[in-house]
Amino acid sequence: MEPAMIVHGGAWGIPDDAVDAHLRGVSSGAEAGHGLLRRGQSALDAVEAAVAVMEDDPTFDAGRGAFLNKIGQVELDAMIMDGNGLRAGAVAAVRNIRNPVRLARAVMERSRLVLIAGPGANLFARAVGVPACRTQDLLVGRELARWRAIRKKKRFRVREIFDTIQAGQRRGTVGAVAIDRRGDLAAATSTGGVPHKPPGRVGDSPIVGAGAYADNETGAVSATGWGEPILRVLLSKTACDLMGDGLSPGTACRRALSVMRRRVDGIGGLVAMDRRGRPGFSFNTPRMAWACVGPGGKRRKGI
Ligand code: GLY
């Protein structure tokens, strides 16, 4: 099987002045993951590496640079899934972890659990030797300024950041899907959620079937967008099931998004790969940042 991968850096109203940073960020993620695939490493290694690169990039709402919650904390969600055996690991509302996707992988491989939330995730991190970072390592000044500005507003609607293009908004969930030489699929997603979320709010990203899904028998998907509607239709699993029914990855993504729009008025985007290694994507927001290294090493990116 020829290895391939596709990543996203968020589906929302990305303004023109943030386009270049997003394209650079998603390209770096895709190259990092594909470099490992070329050297024979697994799809799991590739999606973990791609997402970790984008978590380190403050362009995105994941890891460093994530949105602050209502009380000024950085709470992060992430998951990873192995299409070979349907293994999954996730962390939710975790603080002081630089790369939540790496902790999610430790949950999958070093515990019998799937999802650990809040302070329990930090206890687990300590037990398996994943170091804590300082809040300052995750916090960027721009987000502190945004948090202060939102606090002054009488009313703040989360939906607006997804469906209108607004200068100064520079955030998006990140995710990756990949297939390796053995034909194994994997998916991963990481996010800081939505701005000004209540403490403890968990979105779609760390929930199996919502934020991501991977099944060697159907395909792999990572989702981005407004978390609550994504959760209610298990968007990633819906798209995987549609690939299992024979739809191409792009058509499966479009169809799953239209189900979400029709049933719960949701907005977002998806990247996907089927078990033959064909990539695809779709979004119903103004823009979504994506990059792909497809079969034959063919590189594409867009927004
Ligand atoms: N999709 C990210 C979130 O709503 O948490």
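Residues numbered from 1 in each chain as written. Predicted model: local features only at pLDDT ≥ 70, side-chain atom pairs only at ≥ 80, totals over all residues. Heavy atoms only, no water.

Chemist: How should I be thinking about the pairing of strand β12 (residues 299–302) in this particular structure?
Modeler: Moving residue by residue along a regular strand, the side chains alternate between the two faces of the sheet. Across four bridges, the pairing between strand β11 (residues 287–293) and β12 is antiparallel. Paired with W290 across the two strands is G302, which belongs to β12. Following β11, the chain reverses through five residues before pairing antiparallel with β12; G296 in that reversal takes a positive phi of roughly 80 degrees. (Pairing = 2+ DSSP bridges. Helix = DSSP H or I, 4+ residues; strand = E, 2+ residues; numbered from the N terminus.)

Chemist: Can you walk me through the site of the ligand in this structure?
Modeler: Every residue near the ligand is listed here: T173, T191, G193, V194, R201, G203, D204, S205, G225 and G227. Between the ligand and the protein, one listed contact pairs an oxygen atom with a side-chain N or O atom of R201 at 2.6 Å. D204 is positioned with one of its side-chain polar atoms (N or O) 2.7 Å from a nitrogen atom of the ligand. Burial of the ligand by the surrounding chains reaches 99%, relative to a free accessible area of 190 Å². For the shell around the ligand, a count of residues per class yields one nonpolar, seven polar and two charged. (Near = heavy atom within 4 Å. Polar contact = N/O pair within 3.5 Å; in protein donor to acceptor, adjacent residues only side chain to side chain. Areas by Shrake-Rupley, 256 points an atom, 1.4 Å probe, with all protein chains shown as cover. Nonpolar A, V, L, I, M, F, W, Y, C, P; charged D, E, K, R; others polar.)

Chemist: Before we go on, may I ask you to explain empty space enclosed by the protein in this structure?
Modeler: A full pass over the atoms with the stated rule returns two cavities of 30 Å³ or more. Its boundaries defined by the atoms lining it, the second largest cavity holds a volume of some 30 Å³. Each residue belonging to the lining of the second largest cavity can be placed in one class, and the counts come to two nonpolar, three polar and one charged. (1 Å grid on protein atoms, 1.4 Å probe; cavity = no way out; pocket = protein on both sides within 12 Å on 5 of 7 lines; lining within 4 Å. Points joined across faces, edges and corners; volume = space filled by probe spheres on them.)

Chemist: Would you explain the pattern of salt bridges in this entry?
Modeler: Oppositely charged side chains can form a pair if their charged atoms are brought close together. In total, this model carries 15 salt bridges according to the counting rule given. Here E228 makes a salt bridge to R201, at a shortest N to O gap of 2.9 Å. With E228 in helix α8 (residues 227–233) and R201 in the loop between β6 (185–191) and β7 (212–215), the pair connects residues that are 27 residues apart, well separated along the chain. Residue E228 is classed as partly exposed on the basis of its relative accessible area of 31%. Residue class for R201 comes out buried when judged on its relative accessible area of 12%. We note a salt bridge from R278 to D274, for which the minimum N-O separation is 2.7 Å. Judged by relative accessible area, R278 falls into the partly exposed class, the value being 32%. Salt bridges sharing partners connect three or more residues here, namely D45, E48, D82, R87, R102, R105 and E109. (Salt bridge = Lys/Arg side-chain N within 4 Å of Asp/Glu carboxyl O. Buried < 20%, exposed > 50% of the residue type's maximum accessible area, 1.4 Å probe, protein only.)

Chemist: Explanation requested: the side chain of S42 in the structure shown.
Modeler: Looking at where S42 falls in the secondary structure, it is placed in the loop between α1 (19–38) and α2 (43–55). Overall, the relative accessible area of 18% leaves S42 in the buried class. From its side chain, S42 meets the backbone nitrogen of D45 in a polar contact 3.0 Å long. Setting aside residues no more than four positions away along its own chain, S42 makes contact with L37, D180 and R182. (Contact = heavy atoms within 4.5 Å.)

Chemist: Mind showing me how you'd approach the state of the cysteines here?
Modeler: Disulfide: a covalent bond formed between the sulfur atoms of two cysteine residues. Considering all chains together, one arrives at zero disulfides under this definition. Summary of cysteine pairing: C240 is not part of a disulfide, and the nearest cysteine sulfur, belonging to C253, is at 8.8 Å. (Disulfide = S-S within 2.5 Å.)

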